[in-house]
Amino acid sequence: MKVLFQTRTNLYDAPGGDMIQLLKTKEFLEKLGVEVDISLELEPDLTPYDLVHLFNLMEPQDIYLQLQNARKQHKKIALSTIYGLYTEFERKARGGLFQKVANVLSPYQIGYIKTLIKQYSENRFHKGVYKMLFKGYYGLMKEIVDNTAVFFPNSVSEMNRVAKEFSLKNYTFYNIPNAIDKKIFVDEAIQTAPNQFAAYQDCILCAARIEGRKSTLNLVKAVKGTNYKLVLVGKESQNQREYVKQVHAAAGDNVFFLGAISHEALRDLYKVAKVHALVSWMETPGLSSLEAAAMGCNIVVTKKGDTQDYFGDYAFYCEPDDVSSIKSALDKAFETPVNPALQQKVLNQYIWEKTADETLKGYLSLLNS
């Protein structure tokens, strides 16, 4: 079987969770004997391929053209939806003029404006963007899902959201959860050398971009005046520089900024951390939360998105806009012994081997239909 992966054209320039999902899915499908290529082109020749697998419905201006190209060349289409609107964040916490505007627009009008601004700032105007000008953000999404043969959501709740938003009937989907790489976070986790992050023993860790959508500022405020050590790992948003300044200004001596680090170094941080906190406005469910759970951390998350599908009663939940709620969840997570059942759940259900197995089942059903 030969499959072509396609997604947003700036995948490597603006790496995110969708890039990790795409690359890891490729790596583990190839271990099952599937030949996988990646193309960010909008209209490549598809002659060698059995099917096209699109990623990320939230970037419809790119994958719309890739879908149209696949239809012209009579290829069946699978879609990893990676779908979640940030409407609540835009309306409640974005700040500035855009927050005021967002409160009088529909969720898809917000997405329309944000996408146009982003495409303009990145100089990525192309035929798909012009299509969006006429069809709208929702219109492009609707046409994509209506022409998808099989869906690969990261959870059942995500699929339910897509089906409801786009009025889907009689659709086929395979639940393809986000996952961890056992080789990095389990097999290589045992080491005898001193841990380079020993100074942060029993810290609260947050491995995420520093930005408003992650509610980093409220997390920093929640540990102010406490004995907790909060370690922040991840890039600082270049589009929210004022917000990043506020995070640094609010941080006390017990907050440590480590910037972006390698996955191998992050593994060592998970080993010394007691709690991992990702208090976002939307997660499906957040790869770092899964990784931290696999390494034996207690997990603090919000219920925004699909976190409950993954963590159930094992996580400690809070509200992203409520500092006292975040502080309460941190306290409970810090005081509660780690439940090994969460670690086992992640290692049994949320690994790339399982993701590849389910994806291949979806491909086979698609090609045999």
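See above for the structure.
Caption draft 1: Region of interest: helix H11 (residues 241-250). Taken together, the buried positions of H11 are occupied by Tyr243, Val244, Val247 and Ala250. Projection of H11 onto a plane perpendicular to its axis shows the buried side chains occupying an angular sector of 130°, all on one side. In H11, the exposed positions that point more than 90 degrees away from the buried face belong to Arg241, Glu242, Lys245 and Ala249. On its buried face, H11 sits against helix H10 (216-222), strand E7 (230-233) and strand E8 (255-259).

Caption draft 2: Local environment of the pattern of salt bridges. The tally for this structure, following the rule as stated, stands at 20 salt bridges. Salt-bridge contacts for Arg94 lead to Glu90; the nearest nitrogen and oxygen are separated by 2.9 Å. Given the relative accessible area of 1%, Glu90 is considered buried. Across the pair Glu211 and Arg213 runs a salt bridge whose closest N-O atoms are separated by 3.4 Å. For Glu211, a relative accessible area of 6% gives the class buried. Sharing partners across several salt bridges, the network here consists of Lys24, Glu27, Lys31 and Asp181.

Caption draft 3: The environment of Thr336, seen in detail. On the secondary structure map, Thr336 appears in the loop between helix H15 (323-335) and helix H16 (340-349). Taking the relative accessible area as the measure of exposure, Thr336 reaches 31% and is therefore partly exposed. Sequence separation between Thr336 and Phe316 is 20 residues; the distance between their C-alpha atoms is 10.0 Å. In this view, Thr336 contacts Asn298 and Phe316; residues no more than four positions away in its chain are not counted. At a separation of 2.6 Å, a polar atom in the side chain of Thr336 contacts the main-chain carbonyl oxygen of Lys332.

Rules behind the numbers
- Residues numbered from 1 in each chain as written.
- Predicted model: local features only at pLDDT ≥ 70, side-chain atom pairs only at ≥ 80, totals over all residues.
- Heavy atoms only, no water.
- Buried < 20%, exposed > 50% of the residue type's maximum accessible area, 1.4 Å probe, protein only.
- Helix = DSSP H or I, 4+ residues; strand = E, 2+ residues; numbered from the N terminus.
- Arc of directions from axis to C-beta.
- Contact = heavy atoms within 4.5 Å.
- Salt bridge = Lys/Arg side-chain N within 4 Å of Asp/Glu carboxyl O.
- Polar contact = N/O pair within 3.5 Å; in protein donor to acceptor, adjacent residues only side chain to side chain.

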